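# Architecture and fold: a report
Residue-level listing of the chains:
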Amino acid sequence: MSVSIVVIGLNHSTAPVQIREKITFQGDPNGSATKSFANNPGVSELMILSTCNRVEIIAIYDGNQSTENELIDRIASYHQLDRENFDDYLYIKRDSDAVRHVFRVASSLDSMILGEPQILGQVKDGYRKASEAATTGPILNRLMHRGFFSAKRVRTETNVGAAAVSVAYVAVELAKKILGDLQDKSVLLIGAGEMAELAAKHLISQVVKPLTVVNRTYENACVLASQLDGSAVPMNELEQALTTADVVITSTGSCDPIICSPNMRNVMKVRRYRPIFLIDIAIPRDVEPAVHDIDGVYLYNIDDLQSVASDNLGERKIEALRGERIVEEEVSKFMNWTETLDSTPTIIALREKLEQIRTSELARLNGKLAKLNTDERDLVDQVTRSIINKIVHDPISFLKQSGKNAKRTDYLDVTQKLFNLYDTNTPAAGENEISDQ
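Residues numbered from 1 in each chain as written. Predicted model: local features only at pLDDT ≥ 70, side-chain atom pairs only at ≥ 80, totals over all residues. Heavy atoms only, no water.

### Re the pattern of salt bridges
Rule in force here: Here, a salt bridge means any side-chain nitrogen of Lys or Arg that lies within 4 Å of a carboxyl oxygen of Asp or Glu. Under the scheme used here, helices are H or I runs from DSSP no shorter than 4 residues and strands are E runs no shorter than 2 residues, and both carry numbers assigned from the N terminus. We call a residue buried when its accessible area falls under 20% of the maximum for its residue type, exposed when it is over 50%, and partly exposed in between, using a 1.4 Å probe and counting protein chains only.
For the structure on display, the rule yields 25 salt bridges. For Arg 100, the salt bridge goes to Asp 97, with nearest N and O atoms at 3.0 Å. Here Asp 97 and Arg 100 lie together in helix H4 (residues 95-106), a separation of 3 residues that amounts to about one turn. We classify Arg 100 as partly exposed; its relative accessible area is 22%. Salt-bridge contacts for Arg 104 lead to Glu 324; the nearest nitrogen and oxygen are separated by 2.9 Å. Of the two residues, Arg 104 is situated in helix H4 and Glu 324 in helix H13 (residues 314-339); the sequence distance between them amounts to 220 residues. One network of salt bridges, in which partners are shared, links Arg 146, Arg 153, Glu 157, Glu 329, Glu 330 and Lys 333.

Structure, rendered in structure tokens:
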């Protein structure tokens, strides 16, 4: 193929939470990590996808294994890790396999919870961050927009998402499995982000007592608490809030644990070891693993939700097969497009497009040209053909000479868009639309 695409990453299927939490880019709000990785020699375009269940580098690169190794080395150095700590958990997908993977991820066919709706928004956020960091280009832009289009097709043409549930929903189901009826239980939410809010919405119909929300930014805790008819507590009162809670769901963006073993031992003494159920759906984890060893504490992390998520998957798996067929169609279309990034097909397509316009215009004027004799009609044909040749001469010469230019792909992409040479079955406006989820 004329371009090379690679996905380097790990996810819930290949790496446990204790590995995933060491390689996360959620603390990169200004895109500095994205820019750093994109500056790697051999890389022309790049974005980072970082969620609680996966971390992936998606890059347009020179196709060399040395470049792949340099990216992996950069992951290690960025997180101050030795490669041997995570090498065995990585996957590397190239070209059509990489395209297929991106489309499957965006379509929620590679999620821990098949069909869950959050992943598309997370992919769009990663792409938006890369766009703002100016690390994307024509190939990655097309790849991601086709991925969004594939996800839309899967969502509208199958029922894979009809019975889908979120991680937050599964967390609540797990709480019910362990504690039974939650009606009389006190619930504490730590974090006021999207995942915590989703968990709250699932919980609110299960309990009678008002929910308590704790967050580092007290104002955010107050906003969420007011939406849920609950109460807000500042983070410095977390330990006290833990003494009265039965169910705790935590999902913050903290890089360090906010519930540690010594603090939790103090909490359990005050509680007189009355059982408490902790569900940690944060990456990195909010709760120190050693907390699990304290009497009366039942701690579950995001990987523990897998068994609950596996229940009642039958219908979604059948629908997922239909989704996989849609993805294969879109992969084929995208790979066909990448082949056009060689200058020859674009030049041929440009000539054919203009020749089609010329002949159709002559046919439209056939009635007016009917009075011309054969020589005169041949002259008109010759003149119009000559005009077309002169029009395309400079663009074609430029495209031929740009064969070794670093911006060759950009030139070809612009040419194809200017002359509308390839129909991708995507509305033109959709090329710039990344907000629709």
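### Let's talk about the nonpolar core
This is how it is decided: Here, nonpolar core refers to any group of buried Ala, Val, Leu, Ile, Met, Phe, Trp, Tyr and Cys residues whose side-chain atoms link them within 4.5 Å. The contact criterion used is simple: two residues touch if any of their non-hydrogen atoms lie within 4.5 Å.
In this structure, Ile 5, Val 99, Phe 103, Ile 139, Leu 143, Met 144 and Phe 334 are the most contacted members of the largest nonpolar core, which totals 37 residues. Counting only elements with at least two residues in this core, the list comes to strand S1 (4-11), strand S2 (43-50), strand S3 (54-61), H4, helix H5 (118-132), helix H6 (138-157) and H13. When near neighbours in sequence (up to four residues on either side) are disregarded, Leu 143 contacts Ile 5, Ile 58, Val 99, Val 102, Phe 103 and Phe 334. By size, the runner-up hydrophobic cluster in this structure holds 35 residues, among which are Ala 171, Leu 174, Ile 302 and Leu 305.

### Remarks on the sheet that holds strand S4 (residues 91-94)
Note the cut-off: Two strands pair if DSSP finds at least two bridges between them. To obtain an axis, a line is fitted to C-alpha atoms, over the contacting stretch when the element is a helix, and the angle between two such axes runs from 0 to 180 degrees between their N-to-C directions.
Strand order in the open sheet formed by 4 strands is S2-S3-S1-S4, with antiparallel pairing between adjacent strands. The open sheet has two free edges, formed respectively by S2 and S4, since each of these has just one partner strand. Recorded for the sheet is a direction-independent mean angle of 15° between the axes of neighbouring strands. H4 contacts S1, S2, S3 and S4 of the sheet and is inclined by roughly 110° relative to S4. Each of S2 and S3 touches H5; the most contacted strand, S2, lies at about 140° to it.

### Notes on a nonpolar patch on the surface
In plain terms, the rule: Patch membership requires more than 30% relative accessible area and the absence of a salt bridge. Residues of like charge join within 9 Å; the nonpolar side chains Val, Leu, Ile, Met, Phe, Trp and Tyr join within 5 Å. Accessible surface area values rest on a Shrake-Rupley calculation with a 1.4 Å probe, where residue burial reflects the displayed protein chains alone.
On the surface, a cluster of nonpolar side chains totalling about 360 Å² of accessible area is made up of Leu 379, Val 383, Ile 387 and Ile 391. Within the element layout of this structure, Val 383 appears in helix H16 (residues 374-401).

### As for the packing of H4 against H6
Definition in use: When an angle is under 35 degrees it counts as roughly parallel; over 145 it counts as roughly antiparallel; between 65 and 115 it counts as roughly perpendicular; any other value is oblique. Note: crossing handedness is left-handed where the near helix turns anticlockwise from the far helix by less than a right angle, and right-handed where it turns clockwise. Classification convention: Asp, Glu, Lys, Arg as charged; Ala, Val, Leu, Ile, Met, Phe, Trp, Tyr, Cys, Pro as nonpolar; all other residues, Gly among them, as polar.
Two elements in contact, H4 and H6, have axes whose closest approach is 8 Å; the angle formed by their N-to-C orientations is 45°. Viewed along their axes, H4 and H6 adopt a mutual orientation that is oblique. In this structure, H4 crosses over H6, and the sense of that crossing is right-handed. Between H4, through Val 99, Val 102, Phe 103 and Ala 106, and H6, the contact on the second element is made entirely by Leu 143, Met 144, Arg 146, Gly 147, Ser 150 and Ala 151. Here the contact of H4 with H6 is composed, by residue class, of 7 nonpolar, 2 polar and 1 charged.

### Side note on the sheet that holds strand S7 (residues 231-234)
Pairing between the strands of a sheet is mediated by backbone hydrogen bonds and can be parallel or antiparallel. Read across the open sheet, the 6 strands follow the order S7-S6-S5-S8-S9-S10; overall the sheet is parallel. In the strand order of this sheet, the two ends are held by S7 and strand S10 (297-301), each with one partner. In this sheet, neighbouring strand axes are inclined to one another by 20° on average, regardless of whether the strands run parallel or antiparallel. Sheet analysis places strand S9 (residues 276-280) next to S10, joined by 5 bridges and oriented parallel. Within S10, the position partnered with Phe 277 by the bridge is Tyr 298. In this fold helix H11 (residues 261-271) packs onto S9 and S10, with an angle of close to 150° to the strand it touches most, S9.

### Regarding H11
Here is the rule we go by: The directions considered for the arc are those from the helix axis to the C-beta atoms.
Of the positions making up H11, those classed as buried are Ser 261, Met 264, Val 267, Met 268 and Arg 271. In an axial view of H11, the angular spread of the buried residues amounts to 115°, which keeps them on one side of the axis. What points out from H11, more than 90 degrees from its buried face, is the exposed set Pro 262, Lys 269 and Val 270. Against the buried residues of H11 lie helix H10 (238-242), S9 and S10. Arg 272 sits one or two positions beyond H11 and adopts a positive phi of about 60°.

### Side note on the pairing of S7
Counted only if it meets this: Clockwise travel from the first strand over the helix to the second, with the strands pointing away from the viewer, marks a crossover as right-handed.
Taken together, the 4 bridges between strand S6 (residues 212-215) and S7 define a ladder with parallel strand orientation. Within S7, the position partnered with Asn 215 by the bridge is Pro 234. The β-α-β motif built from S6, the intervening helix H9 (residues 218-227) and the parallel element S7 has right-handed crossover chirality.

### Structural notes on unusual backbone geometry
Put simply, Ile 283 and Pro 284 share a cis peptide bond, and its omega is -5°. With respect to the helices and strands, Pro 284 occurs in the loop between S9 and S10. The phi angle at Gln 80 is positive, at roughly 55°, despite the residue not being glycine. Mapped onto the elements of the fold, Gln 80 is located in the loop between helix H3 (65-78) and S4. Non-glycine residue Asp 229 carries a positive phi angle of around 55°. Within the element layout of this structure, Asp 229 appears in the loop between H9 and S7. For Asp 229, a relative accessible area of 67% puts it in the exposed group.

### As for the confidence of the model for the protein chain
Applied cut-off: A score between 0 and 100, pLDDT records how confident the predictor is in each residue.
Summarising the model, the protein chain shows a mean pLDDT of 86, and 91% of its residues fall at 70 or more. Long-range and interchain partners of residues 424-433, a stretch whose pLDDT sits below 50, account for 15 contacts in this model, where long-range means more than four residues apart.

### Describing the pairing of S3
Burial of S3 is extensive: 8 of the 8 residues sit out of reach of the surface. Side chains Arg 54, Glu 56, Ile 58 and Ile 60 of S3 all project onto a buried face; the interleaved residues Val 55, Ile 57, Ala 59 and Tyr 61 project onto the opposite face, where all are buried too. Two strands pair when backbone bridges link them, and S1 and S3 are joined in this way by 8 bridges, in the antiparallel orientation. Bridge assignment links Gly 9 to a residue of S3, and that residue is Glu 56. Pairing of S2 with S3 involves 7 bridges; the strand directions are antiparallel. Following the sheet pairing, Ser 50 is matched in S3 by Val 55.

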